[in-house]
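Each chain, written out:
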Amino acid sequence: MSGIEETSNVSSEFQEERSEEEVEEEIGYEDPFRYVFYRDRKEWADLEPVPQDDGPNPVVKIAYSDKFTDVYDYFRALLKNDEKSDRALLLTAEAIELNAANYTVWHYRRVLLQALEKDLREEMRYITAIIEDQPKNYQVWHHRRMVVEWLNDPSEELEFIAEILSQDAKNYHAWQHRQWVIKEYKLWDSELEYVEQLLEEDVRNNSAWNQRHYIISHTTGYSDPAILNREVQYSLKQIKKAPHNESVWNYLKGILQDLGLSSHPGLLEQILELKETHCSPYLLGFLVDIYEDFLENTLEHHEEVLSKALELCELLAREKDTIRREYWSYVGRSLQTKYGSSDSSTTTSMNKTHPLIEQPFHRISS
Amino acid sequence: MLDKHADYIAAYGSKKDDYEYTLSEYLRMSGIYWGLTVMDLMGQLTRMNQQEISDFIKSCQHDCGGVSASIGHDPHVLYTLSAVQILSLYDNVNVLDVDKVVEYVRGLQQEDGSFAGDKWGEIDTRFSFCAVATLALLGRLDAINMDKAVEFVLSCMNFDGGFGCRPGSESHAGQIYCCTGFLSIAGQLHQVNADLLGWWLCERQLPSGGLNGRPEKLPDVCYSWWVLASLKIIGRIHWIDKSKLRSFILACQDEETGGFADRPGDMVDPFHTLFGVAGLSLLGEGQIKDVNPVLCMPEDVLERLGLHPDLLS
C-alpha cells in the first residue's frame, strides 16, 4: 500500500514524534499482539471512563493491573450511559476474559444480546469457548442455559457437557446443567448408557451414581422388582471391582431402604459371601443396616441377630472405622436399647438414651 | 496464632500487590462479611472501620431493595444477606431501607417455593437459605410463603439423606448446610433424617482428619464449616473425630502470614480464614467466641437479636 512507502521516506525524527497509533494508522495495519488501552483508542474517545468507586471513604487502598483498570473503567462508563452497542458487547467479552465471575458483566451482556438482537448461535460458540476455559463458575453455566432457552435448542448440550465432564467428571455445575437439559427436553433415552460408561472409567464417581439414581427415578422407577434386582446386582458387581467405594454402598442402601434392606431375597447371603473376599468398613456397616432392618421387621431370632449387629458395631468402633467410633457406638447403643432384653447387660454407656428413640436410621419418610 | 490471623484480616486489601482483591470485587460484600465475622469471633471487630463499611453498604442498596456485591454491581440475594449480616454485627440494619429489602427477597420467591438469586432466575437452595436468613435477621419471616419454601427444599432431599442445589442434584456439603440451616430457621428440622444424613456427613472425614464435601473429593477447610455446622444443627457433631479435625484445621494456618488456606501449604484467603476459625469455635476452642451454626455469626449477636434457631439434640 502507498502508506507503507510514504512512511519509509519520512525522516526518522519526525516518525519518533508521532504516537504508535498514528504510525499504525498510516501504515494501515495494527500489530495484532500489542494490546491497545481503551483510553488510547480513538473510537472510544467519546466516553468518559468511570474509575472504581469504593464509596465515600474507600475501605482499603486498591492496586489494579493496568489492563483490568482500563477495561473496567470503560465497562462502568457503558453501564452509566446504558449504552447498547456492538462495541459494548465486545467490551463485555474483554471484561469477562479478565473476570468471568463478575455477574454484572454477564447481566449486561444478556441485555445487549437481546437489545441488539444478536445471533444466538454465535453466542453459543462464544459461551462454549468460555466454559472450556473456566468450567467451574456459576455465571458461565447460567448464561449458557439462558441462551439454550432462548434458542429452545438443546441439540448440542449432551455432547458438550460430556466433553466438559471428560476433563473433570465431577464438575458440579456441569451435572446440574445436564440434569436440567435432560429433564426439560426429555432426553432420557441414552443417559443410563452414558452413566455406565462413566462408571466404567471411575466406579467411585459419586456424581455418576447420583445421575444413575436420577435417571432411573425419572424413567422406570425402582418399584418393578426386576429393575430393583438389576440395580442391586449391578451394585454388587461394582463392589467386587472396588470394595472401598462410599458411593456404591450409599446407592445400594438408598435404593433398598424404602422396602427394607432385609427384605431383598438373597441379599444377606450375597453380602456375607462378599465379606470373605471383598470386605470393607462399608460392607460391615451395611450388614449392621441389614440386621437392624431385620430386627425392625421380624419377631424371631432377635437375640442372635442383635448380638451379631452389636459385635459388628464394636468391631467397627474399635478397629475397622475408628475415626467414626462415636457413630458406631451410637448405633450399638440404639440397637441395644431398642431390641435388647431387659435383663441383658448393656455395654457401659455414660450417655443418656433419649426416651424418644430416634427412628431407625435407614428409614426416610416417603 | 489468633493475633496473626487478626492482623492478616485487618491488613487485607491494603497491600499493593492486590490483584486477587480486585478480582474478587464481584463478591466484595461477602468478603467484608467474612472478614468482620472472623474478627468479631476473635474479639477484634473494633479494628475495622464501621462508618466506612456502613456507608459502603448504603451505596450498594438498589431501588429494587436488593443489595449488590459492590458499587456498580447488580443486586443479588447472596450480597443482600451478607449486607444484613454485617449490619447485624453492628446493630445497625437501618442503614438499609429494611422494608425494601424484605420486598426484594419476597419478590425472588417462585411459584414452586424456590428462590431465584436475582432477576435472572438462577434457582438454588443456597438462595432459599439466603432468603430466610435475611428475613430472620430482620424479624420478617412472615413475608414469604414458608410452606411452599419448605416444600421446595424438601424436594431436594436425596436418597442418601443429603441435599443438592435443585431437585435431583447430587448431595453436597455446602448445599446441605444451606438446607439444614433453612429447615432450622423454618422450624422444620424434624423432616430431616438425622441419622441417615449424620452418617453421610461423618463419612466426609478422611484419615487425615480433614473433611471433604462429597465422596472421593479432597478435604478443604471450608468443609470443616459446612459439614460441622450441619452436624451441629442436626445434633450429631460428636460423630466427627474432633481432635483429628482440629489438627487438620490448624495445619491449614499459615504461620508466617496469618490466615487459613483450603488445605495445608496452599495460599490463605479471608473465606477459608473465617471457616477455619468458625470450625474451631464449633469444636470448642476456648479463645474464640461461640459461633451460631445456622447463621455463622457470633452467638452473642443473635442473643441480642433474640434469635434462637432450632437445633436437634
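Quick notes on the rules
Residues numbered from 1 in each chain as written. Chains lettered and ligands numbered in written order. Predicted model: local features only at pLDDT ≥ 70, side-chain atom pairs only at ≥ 80, totals over all residues. Heavy atoms only, no water. Phe/Tyr/Trp six-rings, centres within 6.5 Å; stacked < 30°, edge-to-face > 60°. Helix = DSSP H or I, 4+ residues; strand = E, 2+ residues; numbered from the N terminus. Buried < 20%, exposed > 50% of the residue type's maximum accessible area, 1.4 Å probe, protein only. Lys NZ or Arg CZ within 6 Å of the ring centre and 35° of its normal. Axes fitted to C-alpha atoms, helices over the stretch in contact; angles between N-to-C directions. Parallel < 35°, antiparallel > 145°, perpendicular 65-115°, else oblique. Left-handed = near helix turned anticlockwise from the far one by under 90°. Contact = heavy atoms within 4.5 Å. Nonpolar A, V, L, I, M, F, W, Y, C, P; charged D, E, K, R; others polar. Buried area = accessible area lost by both parts, 1.4 Å probe. Salt bridge = Lys/Arg side-chain N within 4 Å of Asp/Glu carboxyl O. Polar contact = N/O pair within 3.5 Å; in protein donor to acceptor, adjacent residues only side chain to side chain. 1 Å grid on protein atoms, 1.4 Å probe; cavity = no way out; pocket = protein on both sides within 12 Å on 5 of 7 lines; lining within 4 Å. Points joined across faces, edges and corners; volume = space filled by probe spheres on them. Patch = residues over 30% accessible without salt bridge, like charges linked within 9 Å, V, L, I, M, F, W, Y side chains within 5 Å. Areas by Shrake-Rupley, 256 points an atom, 1.4 Å probe, with all protein chains shown as cover. Lys, Arg positive; Asp, Glu negative; His and termini not counted. Charge placed at Lys NZ, Arg CZ, Asp CG, Glu CD. Arc of directions from axis to C-beta.

Q: Quick question: what am I supposed to make of the packing of aromatic side chains here?
A: Note on aromatic pairs: each is described by the distance of the centres and the angle between the planes. Counted under the stated rule, the structure contains 29 aromatic pairs over all chains. Ring centres 4.7 Å apart and planes at 80° place the aromatic pair Tyr327(A) and Trp239(B) in the edge-to-face group. Of the two residues, Tyr327(A) sits in helix α18 (residues 325-339) while Trp239(B) sits in the loop between α11 (221-233) and α12 (242-251), which places them in two different chains. Neither residue differs from the other here; Tyr327(A) and Trp239(B) are each classed as buried. Connected via pairs of aromatic rings, a cluster forms that spans Trp34(B), Phe129(B), Tyr177(B), Trp225(B), Trp226(B), Phe271(B) and Phe275(B). The cationic tip of Arg87(A) hangs over the ring face of Trp44(A); the distance from NZ or CZ to the ring centre is 4.5 Å. The side chain of Arg178(A) reaches across the aromatic face of Tyr194(A), ending 4.0 Å from its centre.

Q: Help me understand the packing of helix α1 (residues 2-11) of chain B against helix α3 (residues 28-41) of chain B in this model?
A: The packing of two helices is summarised by the inter-axis angle and the distance between the axes. All names here are of chain B. With their axes 10 Å apart at the nearest point, α1 and α3 run at an angle of 150° to one another. On the basis of the axis angle, α1 is roughly antiparallel to α3. For the pair α1 and α3, the crossing hand works out as left-handed. Between α1, through Ala-6, Ile-9 and Ala-10, and α3, the contact on the second element is made entirely by Gly-35, Val-38 and Met-39. The residue makeup of the contact of α1 with α3, split by class, is 5 nonpolar, 1 polar and no charged.

Q: I keep staring at the environment of Val132(B) and nothing clicks. Help me out?
A: All names here are of chain B. Take Val-132: it is sitting in helix α7 (residues 125-138). Val-132 gets classed as buried once you look at its relative accessible area, which sits at 0%. Sequence spacing of Val-132 and Leu-183 is 51 residues, and the spatial spacing of their C-alpha atoms is 9.5 Å. Residues within four places of Val-132 in sequence aside, it is in contact with Leu-141, Ile-144, Met-146, Phe-182 and Ile-185.

Q: What should I look at first to understand the interface of chain B and chain A in this one?
A: Accessible area lost on assembly of the parts is the figure often given for the size of an interface. Contacts between the two partners involve 64 residues from chain B and, on the opposite side, 64 residues from chain A. Contact between chain B and chain A buries roughly 5700 Å² in total, counting both sides, with carbon and sulfur atoms accounting for 53%. Contact with chain A buries surface across chain B, with Trp120(B), Phe159(B) and Trp199(B) losing the most and accounting together for 16% of the total. The interface formed by chain B and chain A contains 3 salt bridges. Close ionic contact of Arg204(B) with Glu246(A) constitutes a salt bridge, the shortest N to O distance being 2.7 Å. At the junction of chain B with chain A, the criterion picks out 25 residue pairs in polar contact (both at pLDDT 80 or more). Broken down by secondary-structure element, the contributors of at least two residues to the side of chain B that touches chain A are α2 (19-23), α4 (50-59) and α10 (194-202) of chain B. Its residues placed into classes, the side of chain B that touches chain A shows 23 nonpolar, 20 polar and 21 charged.

Q: Got a minute to help me understand the layout of surface pockets in this structure?
A: Taking a probe equal in size to a water molecule and rolling it over the atoms shows the remaining empty space. By volume, the second largest pocket amounts to about 910 Å³. What lines the second largest pocket is a set of 37 residues, and nearest its centre among them are Arg145(A), Trp180(A), Arg166(B), Pro167(B) and Ser169(B). For the lining of the second largest pocket, the secondary-structure elements that each account for two or more residues are α8 (138-151), α10 (172-185) and α12 (206-218) of chain A. With 7 residues, the single largest contributor to the lining of the second largest pocket is α10(A). In terms of residue class, the lining of the second largest pocket is built from 13 nonpolar, 16 polar and 8 charged.

Q: Is there a simple way to explain the side chain of Asp289(A) in this structure?
A: Residues and elements named next belong to chain A. Following the sequence through the fold, Asp-289 ends up in helix α16 (residues 281-297). Relative accessible area serves as the criterion here: at 5%, Asp-289 is assigned to the buried category. In this structure the side chain of Asp-289 is engaged in a polar contact, spanning 3.3 Å, whose partner is the side chain of Lys-253.

Q: What is the right way to look at a negative patch on the surface in this model?
A: Residues and elements named next belong to chain A. Where like charges cluster on the molecular surface, the negative patch consists of Glu-97, Glu-132, Asp-133, Glu-156, Glu-159 and Glu-163. When contributions to the negative patch are tallied by element, the ones reaching two or more residues are α7 (120-133) and α9 (157-167). For Glu-156, the location among the structural elements is in the loop between α8 and α9.

Q: What is the right way to read helix α17 (residues 302-320) of chain A from this model?
A: An α-helical segment advances 3.6 residues per turn. Residues three or four places apart therefore align on the same side. Residues and elements named next belong to chain A. Residues of α17 that are buried include every one of Val-305, Leu-306, Ala-309, Leu-312, Cys-313, Leu-316 and Ala-317, and no others. One side of α17 carries all its buried residues, which in axial view fall inside an arc of 130°. Of the exposed residues in α17, those oriented more than 90 degrees away from the buried face are Glu-303, Glu-311 and Arg-318. Elements that come into contact with the buried residues of α17 comprise α16 and α18.

Q: Explanation requested: the packing of helix α5 (residues 86-98) of chain A against helix α6 (residues 103-115) of chain A in the structure shown.
A: Residue and element names in this part refer to chain A. Put simply, α5 and α6 touch, their axes get as near as 10 Å, and they point 155° apart. Looking at the two axes, α5 sits roughly antiparallel to α6. Where α5 crosses over α6, the two elements pack in a sense that is left-handed. Here Ala-88, Leu-89, Thr-92, Ala-93, Ala-95 and Ile-96 of α5 lie close against α6, whose contacting residues are Val-105, Trp-106, Tyr-108, Arg-109, Leu-112 and Leu-113. By residue class, the composition of the contact of α5 with α6 is 10 nonpolar, 1 polar and 1 charged.

Q: So what exactly am I meant to see when it comes to the environment of Glu311(A) here?
A: Residues and elements named next belong to chain A. Among the secondary structure elements, Glu-311 is positioned in helix α17. A relative accessible area of 57% means that Glu-311 is categorised as exposed. For Glu-311 and Leu-335, which are 24 residues apart along the polypeptide, the C-alpha to C-alpha distance reads 11 Å.

Q: What is the right way to read the pattern of salt bridges from this model?
A: When the charged atoms of two side chains with opposite charge come close together, those side chains can pair. As enumerated under the stated definition, the model contains 39 salt bridges over all chains in all. Across the pair Glu216(B) and Arg204(A) runs a salt bridge, and its minimum N-O distance is 4.0 Å. One end of the pair, Glu216(B), is in the loop between α10 and α11; the other, Arg204(A), is in the loop between α11 (191-201) and α12, on a second chain. With its nearest N and O atoms 2.9 Å apart, the salt bridge here joins Arg126(B) to Asp124(B).

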